[in-house]
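# Breakdown of the fold
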Amino acid sequence: MTPHLVGALPLDTLSAALCTSGLYLRMDPFVVHVRSAIPIVADGIQRMYAAHTCWTEDGQFADFHVAVRRKWRPSRPLCVFEMDGHGPFTPLAYGEAYAFLEWGLNWCITSFCHNWITLHSAVLERDGRAVILPAPPGSGKSTLCAALMLDGWRLLSDEMALLDPRTGLLTASPRPISLKNASIDLMRRRAPDVVMGPVALDTLKGTVCHMQVSADSTARARELATPAWIIFPRYEAGAPLTLNPRPKADALLNLHRNSFNHHVHGRQGFETLADVVERCDVYDLRYSDLDEALACFARLSA
C-alpha cells in the first residue's frame, strides 16, 4: 500500500482511480472506498480532502465501500448513491453527486456504527473540553459550527456526535461542513481564503455547499474529547443574544430524540446519556449576531 495525500494527486489521476479500482480515503476514524465516474465527485474530494491520506491499490480494508453513479434517464441525468452495490435512496439530480456522497456517508455511519451512541449534533472542542450542539435543521447549527471552527475551536463533526458508551468520551470525525443558502456567502465573507466544495443547486435543502475542515481539526482527528457543555442553539433574525440554563431532564429527553441509535444500546445507552447530561453545563442559546455568539462561547471556554 502506497499512501498519498489527496491534494498531491493530479485531478486526472484521482479521477482515473475513482473510475477504475476506486480510491481508499482515510476519514478518521474510518476508511472509505469510493468509486465514481462523475467529474464533480473527483473535484469535491480533491478540494475537501486535500490533507487526507489515500491509496489506490485494490483489495485493502475499508469500513464502507460506496459509489456515486450516473443513472441514465432520457429527460435528465440523475445520480445514485450505493453502498456494497445497493442503492438505499431515491436518485438525485446529477449536479448533487458530491453532496450525495457526503449525505450517503452520514447514513452509513449512523446506520452501521453502533460501537458509539450517535447523536444528530455538531461537536467542537477547545482545551480538551467539548461542546455538543444538538439542533434541528434551520436552527443555524452548521453556520455557528463553521464560525466556531474559524475562531479556533477544533471540529469533531458538524453532523454527529460519536459518544463512547463505555467511557463517555467523544470521538472526532471531522468531515466537510455542510452549508446552505445564505450561510455559504456569509462564510465566504468571513473567511475569503476558506476552501469551498462544489455547489449543488435546487436541492430539497436549497443551495448546498461544503466547507473544508481546518488543518488543526484534521491533524488532531484521533484525539478524544470530554463533553463539558450541551448547548441548544437557535438562530433568530434580529434577536438579542440570550444564554439560559436548560433543565437537565428536558435536555436528556432532547438528546434521546436526537440520537440515531440509543435503542441499540439499551440501558447502557440511556445511562451514558444521563451521565453526560449530569456532567455538562446545559443551556439554550438564542442569537442573531455570530460575533456575539462567538464571544459568548469564548467566555464559557475561559
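Okay, so let's go over this structure. Because the structure is a prediction, the values reported are computed rather than measured.

## Structural notes on the side chain of Asp-164
In this structure, Asp-164 sits in the loop between strand E11 (160–163) and strand E12 (170–171). With residues up to four places along the chain from it excluded, the contact list for Asp-164 reads Trp-116, Leu-169 and Thr-272.

## Some words on the sheet that holds strand E14 (residues 196–203)
The strand order across the open sheet built from 3 strands is E13-E15-E14, with neighbouring strands paired in antiparallel fashion. Of all strands in the sheet, those bounded by a partner on one side alone are strand E13 (177–180) and E14. Strand-to-strand twist in this sheet, taken as the mean axis angle between neighbours without regard to direction, amounts to 25°. Along the sheet, helix H4 (residues 141–150) contacts E13 and strand E15 (206–211); its crossing angle with E13, the most-contacted strand, is approximately 125°.

## Digging into unusual backbone geometry
Across the chain, the bulk of peptide bonds are trans and the bulk of non-glycine residues have phi less than zero. For the peptide bond that leads from Asp-28 to Pro-29, omega is 5°, which places it in the cis range. Within the chain, Asp-127 stands out as a residue other than glycine whose phi angle is a positive 55°. Mapped onto the elements of the fold, Asp-127 is located in the loop between strand E8 (117–126) and strand E9 (129–134). The residue Asn-181 is not glycine, and still its phi comes out positive at about 50°. On the secondary structure map, Asn-181 appears in the loop between E13 and helix H5 (182–190). Judged by relative accessible area, which is 41%, Asn-181 ranks as partly exposed.

## A short note on the pattern of salt bridges
As enumerated under the stated definition, the model contains 18 salt bridges in all. Close ionic contact of Arg-220 with Glu-125 constitutes a salt bridge, the shortest N to O distance being 3.3 Å. Within this pair, whereas Arg-220 is found in the loop between helix H6 (215–219) and strand E16 (226–235), its partner Glu-125 is found in strand E8, the two being separated by 95 residues in sequence. Residue class for Arg-220 comes out partly exposed when judged on its relative accessible area of 24%. Residue Glu-125 is classed as buried on the basis of its relative accessible area, which comes to 3%.

## Considerations on the environment of Thr-272
Residue position: Thr-272 is located in helix H8 (residues 262–279). Judged by its relative accessible area of 7%, Thr-272 falls in the buried class. Put simply, Thr-272 and Leu-163 are 109 residues apart on the chain and 8.6 Å apart in space, counted from C-alpha to C-alpha.

## A few points about the packing of aromatic side chains
Throughout the structure, instances matching the rule amount to 11 aromatic pairs. Between Phe-81 and Phe-89 the ring centres are 6.1 Å apart and the planes differ by 45°, which places this aromatic pair in the tilted class. With a centroid separation of 5.3 Å and an interplanar angle of 75°, the aromatic rings of Phe-89 and Trp-107 are classed as edge-to-face. Linking Phe-89 in the loop between strand E6 (78–83) and strand E7 (92–93) with Trp-107 in helix H3 (residues 97–112), this pair joins segments that are 18 residues apart in sequence. By way of ring pairs, the aromatic residues Phe-81, Phe-89, Phe-100, Trp-107 and Phe-112 are connected into one cluster.

## Side note on the sheet that holds strand E5 (residues 64–71)
Read across the open sheet, the 7 strands follow the order E1-E4-E2-E3-E5-E6-E7; overall the sheet is mixed. Looking at the sheet topology across the chains shown, the edges are occupied by strand E1 (4–5) and E7.

## Topic: the nonpolar core
Ile-45, Phe-64, Val-66 and Leu-101 are the most contacted members of the largest nonpolar core, which totals 39 residues. When residues of this core are traced back to their parent elements, those giving at least two are helix H1 (11–19), strand E2 (23–27), strand E3 (30–35), helix H2 (39–48), E5, E6, H3 and E11. Among the elements that take part in this core, H3 stands out by supplying 9 residues, more than any other. If we ignore the near neighbours within four places in the chain, the residues touching Leu-101 are Val-34, Val-41, Ile-45, Val-66, Val-68 and Phe-81. Listed in part, the 34 residues of the second largest apolar core include Met-187, Ala-191, Met-196 and Tyr-283.

The rules behind each value
- Residues numbered from 1 in each chain as written.
- Predicted model: local features only at pLDDT ≥ 70, side-chain atom pairs only at ≥ 80, totals over all residues.
- Heavy atoms only, no water.
- Helix = DSSP H or I, 4+ residues; strand = E, 2+ residues; numbered from the N terminus.
- Contact = heavy atoms within 4.5 Å.
- Pairing = 2+ DSSP bridges.
- Axes fitted to C-alpha atoms, helices over the stretch in contact; angles between N-to-C directions.
- Buried < 20%, exposed > 50% of the residue type's maximum accessible area, 1.4 Å probe, protein only.
- Salt bridge = Lys/Arg side-chain N within 4 Å of Asp/Glu carboxyl O.
- Phe/Tyr/Trp six-rings, centres within 6.5 Å; stacked < 30°, edge-to-face > 60°.
- Core = buried A, V, L, I, M, F, W, Y, C linked by side-chain atoms within 4.5 Å.

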